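Architecture and fold: a report
If you want the building blocks of each chain, they are given just below.
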Amino acid sequence: MVDAARHPKVDVRTYTTVERVEGYVGNFKVQLREKARHVIADRCNGCGECAKACPIEVPNYFEMNLAPRKAAYVPMSQSVPLRYTIDEDACIHCYKCVDACGALEAIDFSQEDKIAWEDIGSIVVATGFNHFDPSVIPEYGYSRYPNVITAMEMERLNNSAGPTTGNLIRPSDQKNPQRLAIINCVGSRDKRFNPWCSNFCCMYAIKNAVLLKQMNPQLEISIYYMDIRTPSKGYEEFYDRARSMGIRFIQGRPSLITEDPKTRNLFVHAEDVVLGKISELEYDMVMLNQAAVPQLDVDTVSSVLNITQSPGGWFMEYHPKLRPVDSPTDGIFLAGACQGLKDIPSSVSSGLATASRAGRILHSDEWEIEPIIAQVWEDRCVMAQGKVCGVCARACPYGAIVIEEGKAASVTVAKCHGCGGCVAECPHNAITQMHFTDAQVLAQMRALLADKPEEKVFAFRCHWCSYGGADLAGTSHFDYSANERGIRVMCSARMDPDFLYEAYRLGAGAVLYSGCHPQDCHYITGQKVGATRAERLAKIFEKMEMTPGRFRVEWISAAEGDKYARVINELQQVINDIPHDQLRQEIERLKPEMEKRARRMYETPGVDKAVEYSEEMARIITAQEVKSGA
Amino acid sequence: MEHEKVAELRDLLIALPGCEKVDMCFSCGTCVSRCPIQQKVEPAYNPRRLLKMVALNMQQDSFSSITPYLCSACDLCYAACPQEIHISAVLNGVKKLAVEAGFATPLETARVDALTCIGCGFCEKACPYEAISLKEVNVPMRGKGLLIAEVDAAKCMACGTCSMICRSNSIELQAWENSEGVVDSIWSWFETAEVGGER
């Protein structure tokens, strides 16, 4: 960090929080709050006289509260900048530090937080992880038994710059322990707390054990583990080395730690699962290798940056395999453990990857996006007529639609990913998606349902998943009904209710509404928009007394070709099961109803006017570009 | 070419309430080291092994194991299990299947001395497992049509409640008299801080 701070092109802002982020890729505006240090950084020379004079002592967070610090302090010796800070929460305003500072006059209690807006090209989130607090696991007795410590406390006790200058001592009597137990998976791989594997703790336990054994070969070390995971290069060899050094590995998860109240020694109760016998061994000290958990303020960070979280609270990447360091919002990247737990080599690789991804944006004057963006037809938007709406903005997973009172909704083109959710949600047909306009979709539907529509199974498929599923069903030669006809839209969110009314109006026998599984959606929450709508539609069709099964909602992934084939066959079966006359009667009966519901769609230019329509859209877009000066 | 799958032990068990997560066991041994029965009563008792045997469909071994019968359903293991498997429910499920398959308990169950039983019915009321019922039987050397307590070996958990409450000292548990160990163990657990009282 010190090296980075010295670099002429790196500006490290410490003691600063990001409060708001506006704008889009390459053009972010970020509001920063620099907290008041009460020390003028330019005048402070880091001499430490203020800390010497300060009468207040509080626990030192950096030393895991094992040592005190003053209210005038530097967090750690590598701090950037190496300037003192007055801890406002602890300070009693005795002003002894001001006297101690003397002629430098660096201490200024009148300082207030500085708030500033900055122009930023791209953003890398590297907020890291937090440590699980094992005191919530009653059976391990952390915080009740003084000699049960966490891995981070061990790190400080073992560090030559730590509070004991590297002398490993027991907290209860300050003696050097002779027998040490290390317990892995404390709070991780445990459904009661955190279901995940924390990735690096196995190697961390072995590293600590080897380090301690090298410093004191007399120290007996046992590592309790469920599985030892050593998947990377050289890790298994390191595990071998640890065993050859006489470190004892016991397979079994301790269920209880008890303490001898006189000696403060600890008894670890565990089953050695290899022997199938209970072991109850005595130790001087126990180190809990606690789980890694997301930072406490992940929710704030994700709402400020508009990035989503995967289960557990890690930030969600754009694609787990192909775009692992991109966030779903363009121009924001994820480095290190905030995206998912990583050890040091992987964190460094992801950091370098984000740097190169972010550099691509900084070095280009223009940024290419997909042309399938949404466009607002300003004359139709009711917001322009002074009414309250904003349905489109609520449907947008990317926050790309700007709503202002008295003005038509406008799409921030650089943020739009083209899911089409707003297009289908807009109750006034005021938004259209380029290359997936209503006219284009309708033209396809009319062509596909031109002949004997009542025999057809009509499928709406999303581009990313169910279209891939249908493709796979074909390439795998799965048998499915030849009466299937389908069209592709970008997301289930684009599947306009009008399209479904139109499909039934044209006389389709059965309709499939398909998209990604909720967790696979390529547009963050696009599938949710689609799913809510599908539920609503199912109720409407039920009220119309449509034969059950003629409308079906299925979430089919690109790998589920067999499921696609099965669903289509089942829909075909539904059609086959209804007598032909009865089906025709039903279609005729529902036609006026469908026509009524799809009414507003006909207000948009029809298929025959497609050319004029696209010219009209081109005119609108040009007008917008001129207006925004792009 | 789909073969109809024959339901095996694991499939039968998973269908029972509380046994759904039996596959989730990763053999960490927490349940065993937490178990008062294993440590104070019977070292051969091992729920971890039983779960593994169930997962591998080892029907014969599971049904003749003593583990399902000895569990006191104290659920200390359930609270400690990192995979949230309701182990006592699994053991109970195995026992149920074993009894249905005609296996008898491998344990020494409570035994009634027909010569001294007075048929008062206290044990019937006291039995937490509803294993005791009063029946009219002919007892040699005593008489005909006497009301005598009878123990259903499939239901008896050998807890000893009946033996304790019996007014005529007619019920005893022969091999499993070491229940003091269980009491000690549970008592020491009560004393630990997680239940409330510091030592």
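What you see is a predicted model; the values in this text were computed from it and never measured. Going along each chain's sequence as written, the residues are numbered from 1 onward. Following the order in which they are written, the chains are lettered starting with A and the ligands numbered starting with 1. Confidence filtering applies because this is a predicted model: local features only for residues at pLDDT of at least 70, side-chain atom pairs given and counted only at 80 or more, and all residues used for totals across whole chains, interfaces and linings.

1. Observations concerning the sheet that holds strand S25 (residues 484–489) of chain A
Residue and element names in this part refer to chain A.
- The pairing criterion for strands is at least two bridges between them, as found by DSSP. Where helices and strands are cited, they refer to DSSP runs of H or I of at least four residues and of E of at least two residues respectively, numbered from the N terminus. Read from one edge of the open sheet, four strands run S25-S24-S26-S27, paired in parallel fashion. Of all the strands in the sheet, the pair left with one neighbour each is S25 and strand S27 (551–555). Averaged over all adjacent pairs, the angle separating strand axes in this sheet is 20°, with direction ignored.
- As paired elements, strand S26 (residues 510–515) and S27 share five bridges and run parallel to each other. Bridged to Val511 within S27 is Phe551.
- Each residue is represented by a C-beta atom placed from its backbone, and any two residues with such atoms within 7 Å are regarded as in contact. Note on method: axes are straight lines fitted to C-alpha atoms, helices fitted across the in-contact stretch only, with angles between N-to-C directions ranging 0 to 180 degrees. Of the strands in this sheet, strand S24 (457–462), S25 and S26 touch helix H12 (residues 466–475), which is tilted by about 120° from S24.

2. With respect to the domain arrangement of chain B
Residue and element names in this part refer to chain B.
- The start and end points of each domain follow an automatic or database-based domain assignment. The domains assigned to chain B are domain 1 (9–105) and domain 2 (111–172).
- The gap between the C-alpha centroids of domain 1 and domain 2 is 29 Å.
- Three categories are distinguished: nonpolar for Ala, Val, Leu, Ile, Met, Phe, Trp, Tyr, Cys and Pro, charged for Asp, Glu, Lys and Arg, and polar for the others, with Gly belonging to the last. Residues that form the side of domain 1 that touches domain 2 fall into these classes: three nonpolar, one polar and no charged.

3. Quick notes on the nonpolar core
All names here are of chain A.
- Residues of type Ala, Val, Leu, Ile, Met, Phe, Trp, Tyr and Cys that are buried and joined through C-beta atoms within 7 Å form what is called a nonpolar core. With C-beta atoms placed from the backbone, a residue counts as buried when 20 or more other C-beta atoms lie within 10 Å of its own, as exposed when 12 or fewer do, and as partly exposed for counts between those limits. If you look at the biggest cluster of nonpolar residues, it comprises 77 residues, and the most contacted ones within it are Cys422, Ala503 and Val511.
- Of all the elements, helix H15 (residues 561–577) adds the most residues to this core, at six residues.
- Apart from residues lying up to four places away in sequence, Ala503 is in contact with Met445, Leu449, Phe458, Ala508 and Val511.
- Grouped together as the second largest cluster of nonpolar side chains are 62 residues, Phe129, Ile182, Ala292 and Leu334 included.

4. What about the interface of chain A and chain B?
- Between chain A and chain B, the residue contacts involve 20 residues of the former and 20 residues of the latter.
- By residue number, the principal contributor to the side of chain A that touches chain B is strand S15 (residues 266–272) of chain A, which donates three residues.
- Class assignment of the residues belonging to the side of chain A that touches chain B gives a composition of eight nonpolar, four polar and eight charged.

5. Overview of the pairing of S24 of chain A
Residues and elements named next belong to chain A.
- For S24, the buried fraction is high: six of the six residues fall into the buried class.
- Side chains Val457, Ala459 and Arg461 of S24 all project onto a buried face; the interleaved residues Phe458, Phe460 and Cys462 project onto the opposite face, where all are buried too.
- Bridging between S24 and S25 involves six bridges; their strand directions are parallel. Opposite Val457, over in S25, you have Glu484 as the bridge partner.
- In this fold, S24 hands off to H12, which returns the chain to S25; that crossover is right-handed.
- Here four bridges tie S24 to S26, and the two strands are oriented parallel to one another. Across the sheet, the residue bridging to Phe460 is Tyr513, located in S26. Think of it like this: strands point away, you trace from the first strand over the helix to the second, and a clockwise trace means the crossover is right-handed.

6. What about unusual backbone geometry?
Residue and element names in this part refer to chain A.
- The omega angle of the peptide bond from Val80 to Pro81 is -10°, so this bond is cis rather than trans.
- With respect to the secondary-structure elements, Pro81 resides in the loop between strand S5 (72–73) and strand S6 (85–86).
- Residue His38 is not a glycine yet carries a positive backbone phi of 65°.
- Its place among the elements puts His38 in the loop between strand S2 (27–34) and helix H2 (49–53).
- Take His38: there are 22 C-beta atoms within 10 Å of it, and that puts it in the buried class.

7. Considerations on the domain arrangement of chain A
All names here are of chain A.
- Taken domain by domain, chain A holds domain 1 (2–125), domain 2 (130–293) and domain 3 (436–609).
- If you average the C-alpha positions of domain 1 and of domain 2, the two centres end up 35 Å apart.
- Listed per partner, the contact involves five residues of domain 1 and six residues of domain 2.
- A breakdown of the residues in the side of domain 1 that touches domain 2 according to their chemical character gives three nonpolar, one polar and one charged.

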